There are 4 protein chains.
Amino acid sequence: MDKWTLLIDTVDQKGLIHKVSGVLFNDNLNVIKTNEFVDHDNNRFFMRSEIEGDVHEDKILDELKEIIPNATVKLTPVKKKEIVVLVTKESHAIGDMLIKHEFGELNATIKAVIGNHDVLQPLVEKFNLPFHYITHEGKSREDHEKEIREVIDSYNPEYVVLAKYMRILTPKFIENLENKIINIHHSFLPAFIGANPYKQAYERGVKIIGATSHFVNNDLDEGPIIYQSITPVDHTYSWQDMMSKGKDVEKNVLTSALKLVFNDQVFVHGNKTIIL
Amino acid sequence: MDKWTLLIDTVDQKGLIHKVSGVLFNDNLNVIKTNEFVDHDNNRFFMRSEIEGDVHEDKILDELKEIIPNATVKLTPVKKKEIVVLVTKESHAIGDMLIKHEFGELNATIKAVIGNHDVLQPLVEKFNLPFHYITHEGKSREDHEKEIREVIDSYNPEYVVLAKYMRILTPKFIENLENKIINIHHSFLPAFIGANPYKQAYERGVKIIGATSHFVNNDLDEGPIIYQSITPVDHTYSWQDMMSKGKDVEKNVLTSALKLVFNDQVFVHGNKTIIL
Amino acid sequence: MDKWTLLIDTVDQKGLIHKVSGVLFNDNLNVIKTNEFVDHDNNRFFMRSEIEGDVHEDKILDELKEIIPNATVKLTPVKKKEIVVLVTKESHAIGDMLIKHEFGELNATIKAVIGNHDVLQPLVEKFNLPFHYITHEGKSREDHEKEIREVIDSYNPEYVVLAKYMRILTPKFIENLENKIINIHHSFLPAFIGANPYKQAYERGVKIIGATSHFVNNDLDEGPIIYQSITPVDHTYSWQDMMSKGKDVEKNVLTSALKLVFNDQVFVHGNKTIIL
Amino acid sequence: MDKWTLLIDTVDQKGLIHKVSGVLFNDNLNVIKTNEFVDHDNNRFFMRSEIEGDVHEDKILDELKEIIPNATVKLTPVKKKEIVVLVTKESHAIGDMLIKHEFGELNATIKAVIGNHDVLQPLVEKFNLPFHYITHEGKSREDHEKEIREVIDSYNPEYVVLAKYMRILTPKFIENLENKIINIHHSFLPAFIGANPYKQAYERGVKIIGATSHFVNNDLDEGPIIYQSITPVDHTYSWQDMMSKGKDVEKNVLTSALKLVFNDQVFVHGNKTIIL
C-alpha cells in the first residue's frame, strides 16, 4: 500500500476541511495524519495530509481541482528526495549529512557534492559519492555559477543544499530554483547578516549565538526561515571559540530543517514558512 | 458573535474529520482553527476546533451524537475558568498567578486561595482575594482534607491549582476532581520523585534541573504531564542555589501549563496528555 | 563576621593573582570564592573575590594600591542594593520584581517606582512603596527627563532599573549614571532594534524570539549586554501571541540580570560585560 | 614555548591560591587562565591553570609538594589524548567522532574502534582506523570482556569512549579504568535508568527527552555526570521518533563531554564532576 503526502495552499473559505477530507474519504483512502493552518491575516489556508491506500493521482487531483480550482496542490508519493549539495571547506555540515545518508537517516539521496575548493573531496569520496571540484578562481561570478548550475541541472535534483557554501549567489543562479535551495547561515538571523557573524557576535558581546536554516531567495540571508537554534556563550569565548561551538548548532539546525523539507512539511508563503 | 471550543475524543475511524467538519459547515459556523491527532497505537482520535458564529449548543451536540455516538464531546464557550488555588509558604508560583490575574493575563478567575500556613495571606489579600487559612496542625490528614474540600466545593471551581502546596493528597481528596487538579512539581519528572528534589539533584550531581506541571491522580507525582522545562546548573550550585534558580522555572512551567489547560487545549488519555 | 566583595579591573601582568591573593592572605581574611578572567585580546585582568573576616577597608585598599596602582578596585560589603525603578504600563517585569522584593528574593531595596503613566500605581502601592507619576504629556523630553532625574537623585540609588520603561533616554539623562541603568529590551539584540520588535519578528518569520537585559549607554539598545534568553515560536503565533509569550522571557531575563548586577558579579569593559 | 595544564585537588585551607600561584610566578611562568572552586560542604579545593613557558615538570611538582603535600596534582602538556572507542550498531555517536577526528576537531587520537557487532566496520575503515570485531556470541560475559580489555590495553589509551556500546560492563572490566571510561546514556539521568529509555519516556508521556554523558563506575548509569542536554517532544512522537530525535542530542552531549575531558577540565570528586 502506497503512502502519499497531500499539500494544499489556497485562499481560505468556509468548509475547506470538510470538502477536501470528503475527497479522501470518498476515494476510500486512509488518512494517517492531517494538519491545517489558517493564516487569518492573509486569509490563507494550508493543509497537509499523509494518506495511505490505493491512490489514483490524477483522479484525486481532478476532484480537488473541482472544489478548489485555484489552489496550489501537491500530491507526492512518500520517498527520498534527490539532492545536490554545495560545499566550500568546512566539514561539519556535510559530514553530518554524509553519516546520516550512509545509514539511511537523511530521507534523501545525495546525487553529488560540488565544491569551490577540493578540501572535502576525499571525505565525500570515502562515501562513494561523486564530487565536482569547480574552482571560482580566474572566473567571473557569472561563469562560475553557470558551470555549477550546469552540473546541478545535470542531476535534476529536487533540492539543492548549501552546506556551508561560502559564496554569494546571484539572482540568475537562483532562477527556477525558488524555494528549492536550502542554506545554513551561521547566525541567529536577522542578527549579524553578512560576513563573519561570529566575529560580529563577539564584538557585540552577546550571551547567545545561533544558526538559521532558510530557503535562498534574491536577497542574501533574507529568505524564508525554516529552523533556528541557539547555544549560550560568555565572556570567555573568543570568536574562534564561538565559531567552534557554533558548528554543532549549525549542523543540527541544517539537518533539522532538511528533515522538515524532505518530509514535505514546509509551505512557503511570502517570506515565511508554515510547517505542518 | 460567540466563540466556542469543541473537543472530541473517540475511537478512530475513517472519515471522522470529514463528518465532524460537515456538522460545523452545515450549521454555517466559522472554523477559526482546527487541530487533530490520531494516536495509532491506541486507535484513538482527538480533535479540537475553535468555532465562531451562531452556536446552538444542543443542536450541534445532537448532530455529533448521531455520527459519533460513543465519543466524548465537550463544547464550551470561550471564557475565563473559575479556579481555587492551594498554597503552603512559597510565594513565587502564587505571586506570578496573582500578577497575571490582576492584569487579565491568567485566562482564569481566582475565586479563592487556601493555605495550610498563613504566610501568604497578606500577599493574597493585597489583591482583594479571599484567603482561607486551614492549618493541618492537630488534625488527621483526612479531617484536614475534608475541611479543604468543603471550602473548595463551596466555590464550585472548574480547576484546582496546587501552587506549591506541599502536602500529599489522598485518593479521597481527588475524588470527583480527576484531571481537574493541576500541580507544579519541582523536578524534571520522573527524576527525583519524592521529598526535596533539589537536594536529590544536588547529591546526584546533575547538570540540568527542571520542573513539571501535571494533573494529579492517585499516585503522587505520577499524573499526566502537561508541561516541563529545565535550566542548566553546575558544580558551583548548592542545593539552595538550585532551589532558588528552580523557582523561576517552576512558576513559568506552572503558568505555561495553566494557559494550555484554561484554553481547553489539553486532552487526557490514560496517563498522558494530548495538547492541540 | 562581615562579608565583602572585592572587584579588580586592571592591565594584565604576570603574578597578579599571587600578589592580590597575598594581600588577602596576609590580612588573615577568608576567601570564600575567587574568580578571574584575563582578556588576552585587550590585555586586561578581572578578578572577583568574596571575602570574610575582619575587613579593614582602607588598609586593604592601600595595600592593593601599592601593588596595582592603576587598577580599578571596588571593595563593597555584601548587602542589598538601593534601587529606583522606572515603568510605563506593562505589569510583568515590575510585578515579578515586586513579588521577589516582598519576599526578600531580589537582593535589592526598591526605594521608589516612577511611571510616565499611572496604570501601575495601584499595584506598586499595594506593596507600600512610593509611586511617582510623572507624565510626559505637555512637556519637552528634556523637561520630562529633568523631572524624573530629580526624583531619582532624591533617592540616591545605586542602580536604576528600566522595567519596560518605554521612552527613549537622552545622553543628558544618562550622565553620571553610566553602567548604573539596567534595561530589559524585548528582543534578542542586536536583532530587531527599535520599535515593536515582536511585530518585526513576526514579519521576518523567525522561529525563536528573545529578550536582552543590558546597561544603557548613549546609543539606544547598544549598551553592554548582561543576560539574554529565548523561547521558540512558530507560524501559528501572531505578533500579539509573540508579545504575550515574550513577557515571561523578558521578566526572567531582567531578574536574572539584576541578580548578577546586585551580586556585584558584572564588570563592564568597553561595550561588553565580564561576569564572574 | 610549551603549554601545560595544572590540576590541583586538595583539602581547602587559607592561602592556597596565593601559595600555588606563587610557585608559578617564581618559576617565571605565564598563567594564561586560572579557575578555582572551593567545595565548602566537603572542604575541598580545586584549581586548574593553563600555563605557558619554560616548564620544568619535576621542579614544579617538587615545589608544589612542599606547600601542599597531600594534594592530588596533575601537570600535563597540552596535547591530544589517545583513546579507544567501543561501539555496537548505531552510527551517530561514532560518526560524529570520526568526522571531527578526521578534521582535527576532536582533541584526541582514535587509536582503534572495537565493536561487538561488525555493522560499523566499513564506516570506521573508511577513515583508515583499525576496527576490532569482537562478538559476544557464544562467550561468557567475563570472557568477552577479557578479550576486549586485552585489545584496549594493547593500545594503552588515556580514555575509553563508549559511543553507544550497548552492553553492561562488570566491575572487573572497569578495574584500573576508574574515571577513564566515558559513556553516553540515552536519557536525562537519573530518569529512565535501564533498558530502552525512549520507550520508558514515551510511556510516561514526558514533554522533554535528553541524554547524559558520564564516567562509568560500578553502578550502571550511576557514574559522575559530565554533561547533559535535552530536546522537547510532544504527544505526536512515537518512541521511535523520540529515539530518532534523541540521536542528535546524544552525539552532541557525548562530543561536548569529550571536549571537556580531553581538555583536562574535569575533576571527579565522589560521585560528581567539577568542571573548570
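Residues numbered from 1 in each chain as written. Chains lettered and ligands numbered in written order. Predicted model: local features only at pLDDT ≥ 70, side-chain atom pairs only at ≥ 80, totals over all residues. Heavy atoms only, no water.

## Points about the confidence of the model for chain A
How we decide: Values of pLDDT, ranging from 0 to 100, describe the predictor's confidence in every residue of the model.
For chain A, per-residue confidence averages 95 on the pLDDT scale, and residues scoring 70 or more make up 99% of the total. Confidence estimates for the predicted assembly give a pTM of 0.96 and an ipTM of 0.94.

## Remarks on the interface of chain C and chain A
Think of interface size as the accessible area that goes away when the parts come together; that is how it is often given. Put simply, the rule reads: The contact criterion used is simple: two residues touch if any of their non-hydrogen atoms lie within 4.5 Å. Simply put, the buried area is the total loss of 1.4 Å probe accessible area from both parts when two parts are fitted together. By salt bridge we mean one thing: a side-chain nitrogen of Lys or Arg within 4 Å of a carboxyl oxygen of Asp or Glu. Counting of polar contacts relies on pairs of N or O atoms within 3.5 Å, with two restrictions inside protein: one atom must be capable of donating a hydrogen and the other of accepting it, and residues adjacent in sequence are counted only when both atoms are side-chain atoms. Each helix is a run of H or I in the DSSP string that is no shorter than four residues. Each strand is a run of E no shorter than two, and both are numbered from the N terminus. The classification used treats Ala, Val, Leu, Ile, Met, Phe, Trp, Tyr, Cys and Pro as nonpolar, Asp, Glu, Lys and Arg as charged, and all other residues, Gly among them, as polar.
Listed as interface residues are 31 residues of chain C and, on the opposing side, 31 residues of chain A. Interface area, chain C with chain A, both sides summed: about 2,700 Å², of which 59% is carbon and sulfur. The largest per-residue losses of area from chain C upon contact with chain A belong to Arg204(C), Lys207(C) and His235(C), which jointly make up 27% of the total buried on that side. Its salt-bridge partner being Glu222(C), residue Arg204(A) comes within 4.0 Å of it at the nearest N-O pair. The interface formed by chain C and chain A contains 14 residue pairs in polar contact (both at pLDDT 80 or more). For the side of chain C that touches chain A, the elements supplying multiple residues, two or more each, are α7 (197-204), β11 (225-232) and β13 (272-275) of chain C. The element best represented in the side of chain C that touches chain A is β11(C), accounting for 6 residues. Taken together, the residues of the side of chain C that touches chain A break down into 16 nonpolar, 8 polar and 7 charged.

## Let's talk about the interface of chain A and chain B
Every contact between the two is made by 17 residues of chain A and, on the other side, 17 residues of chain B. Looking only at chain A, the three residues that lose the most surface to chain B are Lys14(A), His18(A) and Phe25(A), adding up to 40% of its buried area. Inspection of the region where chain A meets chain B yields 0 salt bridges. Counting across the chain A and chain B interface gives 9 residue pairs in polar contact (both at pLDDT 80 or more). When contributions to the side of chain A that touches chain B are tallied by element, the ones reaching two or more residues are α1 (16-26) and β2 (30-39) of chain A.

## Some details on unusual backbone geometry
What counts here: We call a residue buried when its accessible area falls under 20% of the maximum for its residue type, exposed when it is over 50%, and partly exposed in between, using a 1.4 Å probe and counting protein chains only.
Following Leu189(C), the chain continues to Pro190(C) via a peptide bond in cis, the omega torsion being 5°. Locating Pro190(C) in the fold gives a position in the loop between β9 (181-185) and α7. A positive phi angle, near 60°, is found at Asn128(D), a position not held by glycine. With respect to the secondary-structure elements, Asn128(D) resides in the loop between α4 (121-126) and β7 (131-133). On the basis of relative accessible area, Asn128(D) is assigned to the exposed category, the value being 65%. Even without a glycine there, the phi angle at Asn196(D) is positive, about 45°. Take Asn196(D): it is sitting in the loop between β9 (181-185) and α7 (197-204).

## Some details on the layout of surface pockets
Note the following rule: In the cavity and pocket records, a cavity denotes points on a 1 Å grid over the protein atoms alone where a 1.4 Å probe fits but cannot get out, a pocket denotes an open set with protein on both sides within 12 Å along at least 5 of 7 lines, and lining residues are residues with an atom within 4 Å of a point. Grid points are joined across faces, edges and corners, and a volume is the space filled by probe spheres set on the points.
Considered as a void within the structure, the second largest pocket measures approximately 550 Å³ in volume. Forming the boundary of the second largest pocket are 26 residues, of which Tyr165(A), Met166(A), His185(A), His186(A) and Gly194(A) lie nearest the centre.

## Quick look at the domain arrangement of chain A
All names here are of chain A. Our working rule: Domain segmentation is taken from an automatic or database assignment of domains.
In terms of domains, chain A is made up of domain 1 (3-77) and domain 2 (81-275). The gap between the C-alpha centroids of domain 1 and domain 2 is 31 Å. At the interface, 12 residues of domain 1 touch 8 residues of domain 2. Interface area lost by domain 1 to domain 2 is led by Leu7, Phe46 and Arg48, which between them contribute 48%.

## Comments concerning the packing of helix α1 (residues 16-26) of chain C against helix α1 (residues 16-26) of chain D
Applied cut-off: Axis definition: a line fitted to C-alpha atoms, over the contacting stretch in the case of helices. Angles run 0 to 180 degrees between N-to-C directions. Working rule for handedness: look at the near helix, and if it is turned counterclockwise from the far one by less than a right angle, call the crossing left-handed; if clockwise, right-handed.
The N-to-C vectors of α1(C) and α1(D) enclose an angle of 150°; their axes lie 8 Å apart at closest approach. In this structure, α1(C) meets α1(D) at a crossing whose hand is left-handed. Residue-level inspection shows Ile17(C), His18(C), Lys19(C), Ser21(C), Gly22(C) and Phe25(C) of α1(C) in contact with α1(D), the latter providing Ile17(D), His18(D), Lys19(D), Ser21(D), Gly22(D) and Phe25(D). Taken together, the residues of the contact of α1(C) with α1(D) break down into 4 nonpolar, 6 polar and 2 charged.

## A word on the relation of the copies chain A and chain B
As a reminder, the rule being used: Overlaid copies result from least-squares superposition on C-alpha atoms, with residues included only where pLDDT is at least 70 in both.
When chain A is fitted to chain B, the residual RMSD is 0.0 Å, and the transformation amounts to a turn of 180° plus an axial shift of 0.0 Å. A rotation of that kind, with that shift, is consistent with a two-fold axis. For chain A, the minimum C-alpha distance to the rotation axis belongs to His18(A) and amounts to 2.4 Å.

## Topic: the packing of aromatic side chains
Rules: The criterion for an aromatic pair is that two Phe, Tyr or Trp rings (for Trp, the six-membered ring) have centres within 6.5 Å, with stacked assigned to planes under 30 degrees apart, edge-to-face to planes over 60 apart and tilted to the rest. Counted as over-ring charges are cases with an Arg CZ or a Lys NZ within 6 Å of the ring centre that also lie within 35 degrees of the ring normal.
The full count for this structure, using the stated rule, is 16 aromatic pairs over all chains. Summarising the aromatic geometry, the rings of Phe37(C) and Phe46(C) are spaced 6.3 Å apart at their centres and angled 15° between planes, so their arrangement reads as stacked. Here Tyr159(C) and Phe262(C) contribute two aromatic rings whose centre-to-centre distance is 5.8 Å and whose plane-to-plane angle is 45°, an arrangement assigned as tilted. Note that Tyr159(C) is positioned in strand β8 (residues 159-162) and Phe262(C) in helix α8 (residues 239-262), a separation of 103 residues in sequence. Residue placement shows Lys272(B) over the ring face of Tyr202(D); its charged tip is 3.3 Å from the ring centre.

## Quick notes on the pairing of strand β1 (residues 2-11) of chain C
Side-chain positions along a regular strand alternate between the two faces of the sheet. Residue and element names in this part refer to chain C. Quick reminder of the rule: Whether two strands pair depends on DSSP finding at least two bridges between them.
Of all 10 residues in β1, 7 are buried; the element is thus mostly enclosed. Note that β1 and strand β3 (residues 44-53) share 10 bridges and pair antiparallel. From the neighbouring strand, Asp2 faces β3, where its bridge partner is Gly53. The sheet contact formed by β1 and strand β4 (residues 72-77) spans 6 bridges and is antiparallel. Paired with Trp4 across the bridge in β4 is Pro77.

## Some thoughts on the sheet that holds strand β1 (residues 2-11) of chain A
Residue and element names in this part refer to chain A. As summarised here, the arrangement of the 4 strands in space is β2-β3-β1-β4, forming an open sheet in which the pairing is antiparallel. A strand with exactly one partner marks an edge of an open sheet, and here the two such strands are β2 and β4 (72-77). For this sheet, the mean inter-axis angle between neighbouring strands, taken without regard to orientation, is 10°. Pairing analysis gives 9 bridges linking β2 to strand β3 (residues 44-53), with the strands arranged antiparallel. Bridge pairing in β3 places Glu36 opposite Met47. Lying over the sheet, helix α2 (residues 57-67) contacts β1 and β4, oriented at roughly 160° with respect to β4.

## Here's the deal with a negative patch on the surface
Defined as follows: Here the term patch refers to residues with relative accessible area over 30% and no salt bridge, with like charges joined within 9 Å and nonpolar side chains (Val, Leu, Ile, Met, Phe, Trp, Tyr) within 5 Å. The accessible surface values rely on the Shrake-Rupley method and a 1.4 Å probe; as for residues, cover is taken only from the protein chains in view. His residues and chain termini do not enter the charge count, which takes Lys and Arg as positive and Asp and Glu as negative. Here the site of a charge means NZ on Lys, CZ on Arg, CG on Asp, or CD on Glu.
A surface patch of negative charge is lined by Glu57(A), Asp58(A), Asp62(A) and Glu66(A). A residue is classified by how much of its surface remains accessible, and Asp58(A), at 57% relative accessible area, is exposed.

## Remarks on the relation of the copies chain C and chain A
Superposing chain C onto chain A takes a rotation of 180° plus a shift of 0.0 Å along the axis, which leaves an RMSD of 0.0 Å. Both copies present the same face, since 100% of the interface residues in chain C are matched by interface residues at the equivalent positions in chain A.

## A look at the environment of Glu52(B)
Residue and element names in this part refer to chain B. Residue placement: Glu52 occurs in strand β3 (residues 44-53). Glu52 sits in the buried class, given a relative accessible area of 17%. The spacing of Glu52 and Leu29 is 23 residues in sequence and 6.0 Å in space, taken between C-alpha atoms.

## Re the sheet that holds β4(C)
Residue and element names in this part refer to chain C. Taken in spatial order, the 4 strands line up as β2-β3-β1-β4 in an open sheet, and their pairing is antiparallel. The open sheet has two edge strands, β2 (30-39) and β4, and neither has a second partner. When strand polarity is set aside, the average angle formed by the axes of neighbouring strands in this sheet is 10°. In this fold helix α2 (residues 57-67) packs onto β1 and β4, with an angle of close to 160° to the strand it touches most, β4.

## Digging into the environment of Val78(A)
All names here are of chain A. Turning to its location among the elements, Val78 is positioned in the loop between β4 and β5 (81-87). Sequence separation of Val78 and His144 is 66 residues, and the distance between their C-alpha atoms is 35 Å. Non-local contacts of Val78, meaning those with residues more than four positions away in its chain, are made with Lys3, Trp4 and Thr5.

## Observations regarding the pattern of salt bridges
A complete count under the given rule lists 82 salt bridges over all chains for this structure. Across the pair Glu250(D) and Lys164(D) runs a salt bridge whose closest N-O atoms are separated by 3.1 Å. Taken together, the residues span a long stretch of sequence, with Glu250(D) in helix α8 (residues 239-262) and Lys164(D) in the loop between β8 (159-162) and α6 (171-174) at a distance of 86 residues. One connected set of salt bridges, linked through shared partners, spans Asp96(A), Lys100(A), Asp248(D) and Lys251(D).

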